[in-house]
Each structure stands twice: as C-alpha cells, then as structure tokens.
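# Structure assessment
In case you want the letters, here they are:
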Amino acid sequence: MFADKNTFKEQYLERFKEITGESFEESTVEDKYKVLASLIMKKVAIYMADTHSRLNGKLNKKRVYYFSMEFLIGKLLDMNMINLGIHDVVKEGLADLGIDIKDLENVEKDAGLGNGGLGRLAACFMDSLAYLNIPAIGMGLRYRYGLFEQKIIDGHQVELPDKWLVNGNQWEIKKPSKSEIIKFYGNVKSTMIDGRLQFIHENYEAITAVPYDIPMLDYDSSDVNYLRLWSAETVDDFDLASFNRGNYLNAVKNKASAEAITHVLYPNDSNYEGRLLRLKQQYFFVCAGLKSILRRFKANNETLDHMAEKIQIQINDTHPALIIPEMMRILMDEESLSWDYAWERVTNICAYTNHTILPEALEKWSIDIVRELLPRTYMIIEEINRQFIEVGDESTREIRARNAIIRDGQIHMANLAIIGSKSVNGVAELHTNIIINETFKELYHIFPWKFNAKTNGVSHRRFLLKSNPELTHFLDEKIGDKWKYDAERLKDLLDYIDDQATIDSLYEIKRKNKQRLADYIKKHNKIEVDIDSIFDVHVKRIHEYKRQLMNAMHIIYLYKKIKNEGMVIYPRTFIFSGKAAPGYYMAKKVIRLISLLADIVNNDPIVSQYMKVVFLENFNVSIAEIIYPAADVSEQISTASKEASGTGNMKFMMNGALTLGTLDGANVEIAERVGDDNIFIFGLRSEEVIRYYNEATYNAYEVYQSDEELKKVVNNLVDGFFADDITEFKDIYDSLIAHNDTYFVLKDFSEYIKAQKKVEETYKDKNKWFRMTLKNIAESGFFSSDRTILDYNRDIWKIKRG
C-alpha cells in the first residue's frame, strides 16, 4: 500500500487537503485520525470492490452469511494497519510529522455493537473467515448507542448512552441504494391468484432498513469480506402537514419511532415495550438481511433451484431464528414457490449454533406479541409447528408434541431453529454433550444427524499479535512468524520449556504487561497496585452462574484471616470487570458488593499491604487488550454445566495466564491440552450438578452449617461488615440460604479456597509458574478461531476457499 514512510507521508498530507481543506499545522488530533482512517479506507474500498467483483462475476461463489445480534469488533485502526502490513511504515511516517500513533488510536471509540462473548466470537469469526479466504458477509444491526456506557458511581452501576458514533464511523460505507423495506403490524388477506392461494400483507407499518458495510480484512492479503449492519429509518421522516398545524412533536414522531429500533442493543425487556422493541430488532435485521441475500442471488442466477449451492446461513444463537419462517414467507409470498419447494431450500441453507444450556434462558416469545407484530410470519410458524407434530413417524408423535415450537402460549425459538436447520452445533464438547443428553434430548432423538460440536476459538491475531506486542516480538525471535498464519505452530515453543533464558524472558514480558495495566488502573481508578503481586483476574459479563460472588467471598475470607488472625499471604491484586444487564438486579448487587469490598480492603492499612481489589468500569475490547496480557490467574469459575464454552479463558491462556476454574465449557478442553499439572481445577463436575438438579437433593443450609469458615463469610453479608445498613446484601444472603444456592457457590467454596492456596504456593516458584505459562501459550493454538472456522466449513458450509 505504501512503499516506504516517505510515500505514506506524501499521500497522507495530500489527503489532508482533500478531507479538511485546512493546513496540517491547524489540525486537531481528531482531524489527524480521520484523515489517516480515510486514507486507509480509500485503499481498502478498492480491495473490497475487487474482491466482490471477482466473487460475483464468473466465479459466482458460494458465501456464508453469519447472522448475529452482536459483533464486538473493537477498534479497527490498529488492526487494519496490522492486517495490511503497514503499521510500522505509518508509525514511522507519523513520527516524522510529530505525531504519536497512539494518540490517533486513542481517538477511535470501541464500536458499540456487542456486549460479551457472543459478540466477540462473531467478530473473531469474521477475522478468520477473511484470513481463510472463505467468502462471507456478517449481518447485524448498527446500534446508535450500543449496549450502554458503564459508570460505577458510589459502587453502583449506572448506565449511560454509549455515544460511539458521535463523531461518525470512519470504517463504514453507507449503501442507501441497497435499502430494504420492512413491514410490521397490519393484517393478512388471502386470495386466489392464477389458481394458487396467495397471502397479501395489508395496512402495515413500513420501516426502511439502510445498510452500512464495514470491511473485514484478510491478514497479509488484499481479500476483503464485510460486515453489513442495518440501520432503521422512517419511510417518511417529516410530516409537514402536522408541522404546519403547530403539532411539531407529531411531525417527527414516525422518525423517532423508526430509529428507536436500532438505538440500543438489548433494550430492557422487563416491560412490554422493551420486549416489543427486541422482537422488532430481530425481525428487522433478519428480513433486511434475507432480502439482500435474495437480491444478490437473483442477480447472478436465473432460477432459485440451486440456492443451497450458493447460500449458507449461520444462525448465531436464537436471536436470528426468525430467518426460518421469514425465508419461507419471502420464497412463497414474493417468489410464488410452493411450501415443499421452499422448505427444502430453507432446511438445506440454514444452520444453527446454540449458546445456551439453561432451559430457563432459552428464548421464547408470547404468541400474542408475535401475531400482532408479524401476522404473516406467525401464520408460517404455526404451519411449521403443525407439520412438525403431525407429519412423520407415528412412534415419535408424542415426543414431537412435547417439543412443539408453539406450546404454553409461547413460541420456543430454539425448537424453531433446530427443526428448520440442517445442522445444530454446540460450542464445546461438554456443551454439546449436555444439549444432546439434557437440554434437547428428545429433539436429538428425532434429528440425531443434525447435532455436532464446534469448539469456539478466538482471533490470535487480535488477542496475541496485536494485544501483546512484547510477547509477539519474543515469539517471532524464538520460533519465527509462522504462528501468525497457523496458530498450531505455537507448539514450537515447547522446545524451550527447559531453557532458563526463555523462562526469564516470559517473566519479564509479563512484568512489563502488568506495569501497563497498573498504569491504567492508577489513571482510571486512582489505585496503586504492586506489579509483583499475583494479578488474579475475573473479567466477564456479571451473572450469578459466572460466580463473581464466590470470588468476592474468597476476598472476604482472606481479609478476615489477615485482619483478625495475622495471616500472611503472597501479595495479590484482584481485578474485576464486566457489565450487568440493566434489568438484572442480582448482578448489579454483586457489582455493589465488589465495589464496597474494594473500598474496605484498599483503605485498610494492614490488609492493603497484602492485597488490593479493583473494579474496572466499562469493560470493552480495548480494555481487554490491556488486561489479558497482564493476567497471572484467569478466573473461569462458572457453575459446571452452565457455561457453553467461554472465550475469555482462551484469550487469557494465549497470553500466558493460568486457568483457575471448574470443568465447565471449554475449560475441559484446555485441561486436556495442558494437562492437570498446568491448570487449577476444582469444584463439582457437570454430571454432579445435573444430578443435584434432577434429584433435588442439594441442601445449601446443611453445607452452610457444616463449615464454620464458610458460615462466617456468608454471615458477613448481613452482620454490618459492609455498612450500617445490614439489609444491603440481604438478597444475596437469601439467594444462598433461603433459595438454596442455585449456582452451588456454598458447595464449591471450600474447594475454591484450596485451589486458591495451591495457586499461591505455585506462584512462589517462579520457574515452575512460567514453565506452566509457556505450556499454556504453546497449547493455545488449538483455540484459534481459524481452527473453529475450518471445522464449520469442513462439516457444515462446505465452501471452496479462495
């Protein structure tokens, strides 16, 4: 792209004039960032056009369309420069112009397009799809305000709008000519046309879906996929008649109502309006995406006969499951195809990824809300349900009835996705076993050939190459750079496991990364932490099954031991980060608990010598890129059988943190690869947890009464330890005692304490610890999303690469 730094400087300064109309000397740092992004996008747009001209031309290539409510892509400036191979040239050229590249990188805001693991997984998949030259388009929503910006005020989570688009998004291309009309509400009329029963949607509310395309770049190549994000706009955004009558609010009412669809990710669904908005979002991007797919297909193909040879749709969790009835609607109502003809195509095109083990968390919609908002789509769901129950082997009819899509006044979206897809995959071996043997046991009995495991992965180019430059440079020197292209080559590092110089280097690299995080903590939390302490890190969405509470209880335990008994521990810094859903009361209480605990610990003159507690607000990809390389301990302590996979565990592992966790999700496969001597495993196994649930034999109160140390810690929740108001954490106390400890915090607590003590004793032996670190880094290549995508493509998509 740029032959050398002088070529870059020449083009950069020329672009400056074109974009700003000002001299370079008058510009702000924001101007400098926008011009750099514009210069890169000018080149990328050409690559993008060339790629898709080639794919849409004579090749007429099959594509995968990845539908997801979230794409947590993070910042793109640095990653795009790395992928294009221009980072160092640009950095040097900017330095000659008196610009620190970090200042420009800091101007960019994290894209507010996701929340947690689901969205980051989708972003990693887009990275790997581009790298592996598998033609792909991501389909999602362009949220104006993201999930929310999290502030911790007086220990409470406060949600503010995430104004990530306030200065625009330099990496997107608006495509108004490819807009689609989406229809809500109204009524359906049936009529005979040319001897065929046709359904006509009338009196509907029309919304315009406008696409914005974000290029997804290959690493070290000019191939480009893209992420298509749909934004809601009104068809008629201004009612002049109302305005002229003086009804100014009514004049723009339609505009506000339409745009609300893509305002925020996951509107609070604790009220009817919030649930309605969520359903609107799901249908909106499903319908728009499908229409754009059919538009492209018809432009390159004369008939619809071979759709499955050119189109593959991956449904990421159940949010896009309306794809199945909506594709049926389009094919029958708009393309005049028969039911059987359409169903054959739908069920050969769609594949579903399940991310949810908890039956109570599986998505369901009230019949009434779907029927009112999507009248024709609801009719099709009814018919899919009827045929599923009534058509088929009589021996399985009762099973089919028990697993109906529509039952108990609700539409069960996972059942819809399973019935209408050719493939159903779990995201780890354990997760897949659980959905086969527990969650969807009877549906597996009917469709055993559909179910398969695809263990998740993460982008090692994002979370190692970009996030950990010190380790990247070390790996390049030690084993060469082939690991960037094939993550399994990280295993070459095992040749140095007994090399003292290598172990010493890993120690120094970790220390530098801990200093970077310590500087961030001091700047943002005004807390000084010891980089020679154990950095014990628990960062993920705040949820009861992820058991941040158990971690906090361990801190209370240590505090009391140090304060009251004079116990001496190896210094430790406990670092938390993550968001609670706005309507999730208990998760917010846990954040409050950790925040108050931090105040107590950090301000105690004795205890603070041995440990500190930090809660980093507004966790996002950029903060994660500082945290992962700095962690010593990766807390992966979810209740066994509850975590589908997890991907944070893989990112920590890749950066040399050691896992402290239960045998849950992908922890099982991490343990298999590193061996029992290089991981800290504790707690109930998944089969034990499931047995307790099925047999209802667990008695939390007995566990509480039988363990004096545990009893003291639990009582501290309500005995005034935290505040004069002893009712502050009464609900947490009751969740453990009165409500029988749903997530087995009490049952696993003593084993967790023992595991933590083992962590401390192991860390004291630096050579042993960093040999374990090396082993984890070397074995982490399996968990690259490149491997995951190759697995999907081999077994499900079957798309020719290149």
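Right, let's walk through the structure included here. Keep in mind that what you see is a predicted model, and the values were worked out from it rather than measured. (Residues numbered from 1 in each chain as written. Predicted model: local features only at pLDDT ≥ 70, side-chain atom pairs only at ≥ 80, totals over all residues. Heavy atoms only, no water.)

### Structural notes on the nonpolar core
Formed by 267 residues in total, the largest nonpolar core has its most connected members in Tyr12, Ile313 and Leu746. Here the element with the most residues in this core is helix H10 (residues 272–300); it accounts for 13 residues. When neighbours within four sequence positions are excluded, Ile313 is seen to be in contact with Tyr65, Phe67, Leu290, Ile293, Ile323, Met327, Ile349, Cys350 and Ala351. (Core = buried A, V, L, I, M, F, W, Y, C linked by side-chain atoms within 4.5 Å. Buried < 20%, exposed > 50% of the residue type's maximum accessible area, 1.4 Å probe, protein only. Helix = DSSP H or I, 4+ residues; strand = E, 2+ residues; numbered from the N terminus. Contact = heavy atoms within 4.5 Å.)

### Let's talk about the packing of helix H1 (residues 5–20) against helix H2 (residues 29–56)
It is at 9 Å that the axes of H1 and H2 come closest, and there the two elements cross at 110°. It follows that H1 is roughly perpendicular to H2 by the angle criterion. Across from Phe8, Gln11, Tyr12, Arg15, Phe16, Glu18, Ile19 and Thr20 in H1, the residues of H2 making contact are Asp31, Lys32, Val35, Leu36, Ser38, Leu39, Lys42 and Lys43. Looking at the contact of H1 with H2, its residues break down into seven nonpolar, three polar and six charged. (Axes fitted to C-alpha atoms, helices over the stretch in contact; angles between N-to-C directions. Parallel < 35°, antiparallel > 145°, perpendicular 65-115°, else oblique. Nonpolar A, V, L, I, M, F, W, Y, C, P; charged D, E, K, R; others polar.)

### With respect to the sheet that holds strand E14 (residues 406–407)
The strand order across the open sheet formed by three strands is E13-E15-E14, and the pairing between neighbours is antiparallel. In this open sheet, the two strands that pair with only one neighbour each are strand E13 (364–366) and E14. (Pairing = 2+ DSSP bridges.)

### Concerning the packing of helix H23 (residues 548–565) against helix H24 (residues 585–602)
The geometry of H23 relative to H24 is characterised by a closest axis approach of 10 Å and an angle of 20° between their N-to-C directions. With respect to H24, the axis of H23 lies roughly parallel. Where H23 crosses over H24, the handedness of that crossing is left-handed. Contacts between H23 and H24 involve Gln548, Leu549, Ala552, Ile555, Ile556 and Tyr559 from the first element and Val590, Leu593, Ile594, Leu597, Ile600 and Val601 from the second. Residues of the contact of H23 with H24, tallied by class, amount to 11 nonpolar, one polar and no charged. (Left-handed = near helix turned anticlockwise from the far one by under 90°.)

### Some words on the sheet that holds strand E22 (residues 658–661)
One open sheet accounts for six strands, arranged E20-E19-E18-E21-E22-E23; its pairing is parallel. Every other strand in the sheet has two partners, leaving strand E20 (611–616) and strand E23 (680–681) as the edge strands with one partner each. Pairing geometry for strand E18 (residues 534–539) and strand E21 (residues 633–636), over two bridges, is parallel. Across the sheet, the residue bridging to Asp536 is Val633, located in E21. Strands in contact with helix H22 (residues 500–525) are E18, strand E19 (572–577) and E20; relative to E20, the strand with the most contacts, it is inclined by about 70°.

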